[in-house]
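Overview (structure and organization)
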Amino acid sequence: DVDPATIFDKILTKEIPSTVVKETDKVLAFKDINPGAPAHILVIPKDRSGLTRLRKASPDHVEILGQLLVAAAEISKDESLGFGDGARIVINDGPDGGQEVPHLHVHVLGGRSMTWPPG
């Protein structure tokens, strides 16, 4: 991966503290420091592998993409984190999609009723 390090890399190396809610050998999930909902968790791959954004995904990324979504599903069921009967799972892709950190990440939002269309 030749892309510059991000704030998520500093969270992974524990240079920046975070409130971790789930960790496996492949993914890390932590509370968003600027939540958009009462429950707002970010799920990231530990090894970015060039996945700065979703449009860079290829068949080589199928396993990690699946692991990110399974982690999001498990988190969305955790009532202790504030989730109720459902969640919004979001992947922002690039500047026009609202992506702020160039390290693929999944937002798991809940704890309230969501409206459509979003922002």
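Before any of the text, the structure's been laid out above.
Residues numbered from 1 in each chain as written. Predicted model: local features only at pLDDT ≥ 70, side-chain atom pairs only at ≥ 80, totals over all residues. Heavy atoms only, no water.

With respect to unusual backbone geometry
Here the bond from Trp-116 into Pro-117 is cis, since omega is 5°, no more than 30 degrees from zero. Tracing the backbone shows Pro-117 in the segment after β5 (106-110). Phi is positive for Lys-14, close to 65°, though the residue is something other than glycine. As for its placement among the helices and strands, Lys-14 is situated in the loop between α1 (7-12) and β1 (20-23). For Lys-14, a relative accessible area of 59% corresponds to the exposed category. Positive phi is not limited to glycine here, since Ser-49 has a value of about 50°. Note that Ser-49 resides in the loop between β3 (39-45) and α2 (62-76). According to the relative accessible area criterion, Ser-49 is partly exposed, its value standing at 38%. (Helix = DSSP H or I, 4+ residues; strand = E, 2+ residues; numbered from the N terminus. Buried < 20%, exposed > 50% of the residue type's maximum accessible area, 1.4 Å probe, protein only.)

Here's the deal with the pattern of salt bridges
By the definition in use, this model includes 4 salt bridges. Put simply, Lys-22 and Glu-74 hold a salt bridge, and the shortest N to O gap is 2.8 Å. One end of the pair, Lys-22, is in strand β1; the other, Glu-74, is in helix α2, with 52 residues separating them in the sequence. Accessibility expressed as a relative area gives 25% for Lys-22, which makes it partly exposed. The partner of Glu-23 in a salt bridge is Lys-46, and the shortest N-O contact between them spans 2.7 Å. (Salt bridge = Lys/Arg side-chain N within 4 Å of Asp/Glu carboxyl O.)

Some thoughts on the sheet that holds β1
The sheet built from 5 strands is open, its strands ordered β1-β2-β3-β5-β4 with antiparallel pairing. Across the chains shown, the open sheet's two edge strands, defined by having one partner strand only, are β1 and β4 (88-90). Strand after strand, the sheet turns through a mean of 20° between neighbouring axes, direction not considered. Sheet analysis places β3 next to β5, joined by 5 bridges and oriented antiparallel. The partner of Val-43 across the bridge, within β5, is Val-106. In the packing of α2 onto the sheet, contacts are made with β1, β2 (27-31), β3, β4 and β5, and the angle to β3 comes to roughly 160°. (Pairing = 2+ DSSP bridges. Axes fitted to C-alpha atoms, helices over the stretch in contact; angles between N-to-C directions. Contact = heavy atoms within 4.5 Å.)

Considerations on the environment of Val-43
In this fold, Val-43 is placed in strand β3. Separated by 62 residues in sequence, Val-43 and His-105 place their C-alpha atoms 5.5 Å apart.

Regarding the packing of aromatic side chains
Using the criterion set out here, one finds 1 aromatic pair in the structure. With 5.7 Å between their ring centres and 70° between their planes, Phe-8 and Phe-30 make a pair best called edge-to-face. Separated by 22 residues along the polypeptide, Phe-8 in helix α1 and Phe-30 in strand β2 bring together distant segments of the chain. The pair formed by Phe-8 and Phe-30 is uniform in burial state, with each residue classed as buried. (Phe/Tyr/Trp six-rings, centres within 6.5 Å; stacked < 30°, edge-to-face > 60°.)

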